[in-house]
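# Geometric and topological summary
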Amino acid sequence: MTIRFVLLVNKQGQTRLAQYYEYLTIEERRALEGEIVRKCLARPDNQCSFVEHRNYKIIYRRYASLFFLVGVDGEENELAILEFIHCVVETMDRYFGNVCELDIMFHLEKAHFMLEEMVMNGCIVETNKQNILNPIQLMDKTT
Amino acid sequence: MGSQGSSKDFLDLVKAIGEAKSKAEEERIVLAEIELLKKRIMEPDVPRKKMKEYIIRLVYVEMLGHDASFGYIYAVKMTHDDNLLCKKSGYLATTLFLNEDHDLIILIVNTIQKDLKSDNYLVVSAALTAVCKLINEETIPAVLPQVIDLLGHPKEHVRKKAVMALHRFYQRSPSSVSHLLTKFRQILCDKDPSVMSAALCALFDLVSSDVKAFKNLTASFVSILKQVAEHRLPKAYDYHRTPAPFVQIKILKILALLGAGDRHTSENMYSVLLEVLKRCEPGKGEPATNISNAILYECICTITAIVASPKLLGMAAEITSRFLKSDNHNYKYMGIDALGRVIQINPDFAEQHQLAVIDCLEDQDDTLKRKTLDLLYKMTKSTNVEVIVDHMISYMRTLSDAHNKTEIASRIVELAERFAPSNQWFIQTMNQVFELAGDLVPAKVAHDLMRLLAKGAGEDDEEADSLLRSSAVESYLQLLGEPKLPSILLQVVCWVLGEFGTAGGTHSADDIIGKLCDVAEAHPGDTVVKGYAITAITKICAFEIAAGRQVQLLPECRSFMDDLLASHSTDLQQRAYELQVFLGLGPDIVQKVLHVNGSGEEIEIDTDLPFLQEFVDSSLANGARPYVHENERFEMSSGMSSFVSTSRTQQEPSHALRFEAYETPTVHTPSASSSAPPSLLPDFQEKKPESPRSLRNQLAADNSQVDLLGPEITRLRLDGVQKKWGRPSAPSQPPPVTTSNFDQEIERSGNGGSGVSERASSNRESTPAVHVYTEKKKAQPEIPAEKQRLAASLFGGSSGKRDANGVKGSKPAPNRPAAGNSKEKIPSTAQAPAPAPLMDLMDMGGGDLFSAPVAKASYDPFKELEGLLDGPSTAASTSTPAAPQKSSSIDFMSLYDSTPVVSHNTVPSTNDHDFLSLGLTSSSGIEPMNRPEAGLLDLNEFPANSPLAGLAGLEQSSSSSSTSLPERKGPSLQDSLQKDATTRQVGVTPTGANPALFQDLFG
């Protein structure tokens, strides 16, 4: 019951954010990202938002030009992960205000900080947006 | 949010990456960036802010797939920084770059220790975040005491992270925190919900490893879940007005673990589960949200895992139905999964959803299809194995990647071995698997297949045996015309041709030898196939010599043998020499050594080698040293070395060379054990223990087997198939079967005879509609005709199935006309047992036989296989041109010309194409800009309460289904066809079992 990775990829298949909760070498990451992006991006909208790939189940959701992909292991509730993705997006949206691809690119570390608050050890620990954004906003104030 | 505070450099880089139109361009930018960073980052006195930027740029470099290890040390250094943002960025980069066993970790432990003591809680939590990713088993003790102290930190944010750090330690090394189990229980009662929810993560792992120890927490979990469901948590924890859904799901998962197989514990959960279910049901007029459906699904998982009350099970079933009936593919997927869980408890439940399942199976959506195949795999039994395996095979045809293929091939093999209704079917299925998955199939499968052919029906029914074999020979000869067969299939082919090629008398030895030479020639690099080929040639020659005929090797064969005589592979050389020896021997010797059809025979091997006794005695008399047993020798050589190691070697002497001969095969099936398992492989060497060269051959055989098959198969494994088949897999099967049951099966299938099949086929022609009708158990006359056809294809699709079930479910055997026409072409059997039994894919009860609506008078699996390989030209006789794609639904295909099924094969390729073209457009710059600025999320488009549309249909369908329920009982097939036609005109494919649904929607 764990999340193995979270990926943000634009529709050209370029990685915009990658967080792995298990160690993979750069080559492995590259290969994996290539394969799953090819798989997910080719699927029409009306099909399932879930794709099985090797031992991963990938749950993905598209927002304009960005795809959010979450790789999980076997016993995970796919619908819940699908909503978790939306929760991540809503959180980013609250922080950046109408978030877009460039926001994440210019503030890659902030996007990571939010994800760090929400997922630890592959588990969803926090979905309360106040709790997630508080420390980040505090830090913004002090620096 | 602007990009203030970043330097122009950084902005330019991000812009450039964002605007890169192709991977190649992106690559160029990153490579240039690496060069730049390498220079800049080493400059002395880089300002801290600048450095932070460099670190982020390094993160970009790695994220885009390039090595940034030159900068790791700077990220580690950055963690020392006093500035919080810099420190946190340093930690972030370090966690992204390093795995926990990296050498630099040791440098960071000190910093972490210091930061854990910081007054600034943000620093502490940053350090704890890093702890979760960077601390490995060895460094846990260095930070553990501090982390434990932090469990009492006044800030909930810190407590939460400390819990997660402990959770991490537990994942890394359970023993490191084993003394803290009570702590986790305490934290569960933390006044802050987010700390409590973090504790749930850890408790889930703890509970799954030891359920008993946490049974007494059930009441706490139940009460927490109750409070959450009742909306006691602050509003900030809501997600789309659902109270803390992720916490609910986590608790439901834990409850599933606690309640499994424990009625008492389960009973304590009933009321809270009902409460959660009730609160997740959408109110009147509003669609269910994704998140409440996620909770509902989790409830189903929990209900089916625990010992649930009928009421809860009923609700779970109802929700499952709703998912299945939804138009939304995500819900269908969840529904299929839930169905798989529900039918574990209530098998009958599947029946009412068979059409929905067929829908999913035939869907274009690959994920859905696979999920459905998973479901079918779980519910396979002897009565539906053929349909399911057919579907798996046709799905396998569409696959390209090895991982999936291996997985599905192993499933097919498993199902075939467990439930195979007949030998023909098994052989045919295996051939298809070999053909499609080739060398991804483990060698054992091939050996089992060969063994089956060799063993055949045993002594009882030689004729059925030889028919089976000759049909195998024929099909393999055809198969050899194909280019590019996988090695493993060629091995089987060579073996079969060598063993039985000339047995039927239809093929001359020269023909077969010629074919074998061709095979060997076509695969110069494959020594295993060559070995099989030369051995097969040897066997054929031996059979010829034994029959008293003169053997004149063909020139090509002669040169092949000469080649091998000089081969670098000693195995091949040995085999070639043996062939040479055979050619020089007289018929009487050869007959003794290698006689026709000897592969199925028992080989008595006396491990004492008594015939050498005389030689040994005389040697000893002449002063030779006495033989010392291997184990004793080992003991002596290892001198004083420990007792333990000796005992170990006694258990597994495989480390050393084995010098003793084969032990007698150990498998003893209860009866028929007299015909001990044959060893199939390099068989002829084994078969001549009485020949003068026998000792040497024993050793050679040993070696060559190892050589050929890899270490794990030094002996054929004989335990697999037979036992599995012997096990009764459905009530309708004959009582526990023994090894000899194949004979009986074949005999029966022979006896079952064509009389019946004629009846069946004529039956079918006259009244097809009736068949469609009867094929459904508890017929549902209203279901759309298209669906009925699909169901028919599933249930009546393969005639082999019917034989099989006639054969397998042999209880009604007396009903069958026992015509003694076993001499007929073997597989031409299709039986319609008298009380026209109904078959049902979904029926887990399994008592039923199949009716035989679509039987072919003469059905030969091998012919079908030929059709598969030969393409339309040969297949035309048996089916439409589409049939080669889908061998098993031939009947179906010819009956109903066009079906949606065929298109599956094309899906992946078009998808690939799409992707390629997408790549092309982007690289050729047709798209002006990647437009990263385009709004990622317009919240106006996401009304907070309806994250996904498309649920509207769900509610309607459930309500309409209830109203139409009585209708289903009426036998108005006509009506349903009519309705279906109308819906079809509207352009909709019905998904439910109820056409009235569409009237509601469109009327």
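Computed from a prediction, not measured in an experiment: that's the story for all the values here. (Residues numbered from 1 in each chain as written. Chains lettered and ligands numbered in written order. Predicted model: local features only at pLDDT ≥ 70, side-chain atom pairs only at ≥ 80, totals over all residues. Heavy atoms only, no water.)

## Notes on the overall build of chain B
The helix and strand tally for chain B stands at 48 helices and two strands. A total of 1003 residues make up chain B; the buried ones form 57% of that total. For chain B, the proportion of contacts with a sequence separation of at least 24, taken over those separated by at least 6, is 71%. Of the roughly 41,500 Å² of accessible surface on chain B, a fraction of 55% belongs to carbon and sulfur atoms. (Helix = DSSP H or I, 4+ residues; strand = E, 2+ residues; numbered from the N terminus. Buried < 20%, exposed > 50% of the residue type's maximum accessible area, 1.4 Å probe, protein only. Contact = heavy atoms within 4.5 Å. Areas by Shrake-Rupley, 256 points an atom, 1.4 Å probe, with all protein chains shown as cover.)

## Concerning the overall build of chain A
For chain A, the helix and strand inventory stands at five helices and seven strands. Mapped in sequence order, the helices and strands of chain A form the string β-β-α-β-β-β-α-α-α-β-β-α. Among the 143 residues that make up chain A, the fraction classed as buried is 78%. Summarising the internal contacts of chain A: among those between residues at least 6 apart in sequence, 50% fall at separations of at least 24. Roughly 4,000 Å² of accessible area belongs to chain A as shown, and the carbon and sulfur atoms make up 46% of that amount.

## Focus on the pattern of salt bridges
All names here are of chain B. Applying the stated criterion to the full structure yields 38 salt bridges over all chains. When the shortest N-O distance is used, the salt bridge between Asp 262 and Lys 215 registers 2.9 Å. In this pair, Asp 262 is assigned in the loop between α13 (245-259) and α14 (263-267) and Lys 215 in the loop between α11 (193-209) and α12 (218-229), connecting sequence segments 47 residues apart. Residues Arg 575 and Asp 571 are paired through a salt bridge, measuring 3.0 Å at the closest nitrogen-oxygen approach. On the criterion of helical spacing, the pair formed by Arg 575 and Asp 571 is a turn pair, its members being four residues apart in helix α30 (residues 570-583). A relative accessible area of 2% means that Arg 575 is categorised as buried. Looking at Asp 571, the relative accessible area reads 7%, which means it is buried. One salt-bridge network, held together by shared partners, links Asp 9, Glu 33, Arg 40, Lys 50, Glu 53 and Arg 57. (Salt bridge = Lys/Arg side-chain N within 4 Å of Asp/Glu carboxyl O.)

## Structural notes on helix α28 (residues 527-546) of chain B
Residue and element names in this part refer to chain B. In this model, α28 (20 residues) spans 28 Å end to end at C-alpha, consistent with the 28 Å of a helix rising 1.5 Å per residue. Counting buried residues in α28 gives 19 out of 20 residues, a clear majority hidden from the surface. Two or three places before Val 528, at the opening of α28, Asp 526 has a side-chain oxygen 3.2 Å from that residue's backbone nitrogen. Positive backbone phi, at 85°, marks Gly 548, one or two positions downstream of α28. (Expected span 1.5 Å × (residues − 1). Polar contact = N/O pair within 3.5 Å; in protein donor to acceptor, adjacent residues only side chain to side chain.)

## A look at the side chain of Arg 43 of chain A
Assignment of secondary structure puts Arg 43 of chain A in the loop between α1 (26-41) and β3 (50-53). Residue classification places Arg 43 of chain A among the buried positions, given a relative accessible area of 10%. A polar side-chain atom of Arg 43 of chain A sits 2.7 Å from a polar atom in the side chain of Asp 365 of chain B. Apart from the residues lying within four places of it in its own chain, the contact partners of Arg 43 of chain A are Cys 48, Phe 50, Val 51 and Tyr 60 of chain A together with Asp 365, Asp 366 and Thr 367 of chain B.

## Comments concerning the environment of Gly 340 of chain B
For Gly 340 of chain B, the location among the structural elements is in helix α18 (residues 329-345). Distance from Gly 340 of chain B to Leu 375 of chain B, taken between C-alpha atoms, is 5.6 Å for residues 35 residues apart in sequence.

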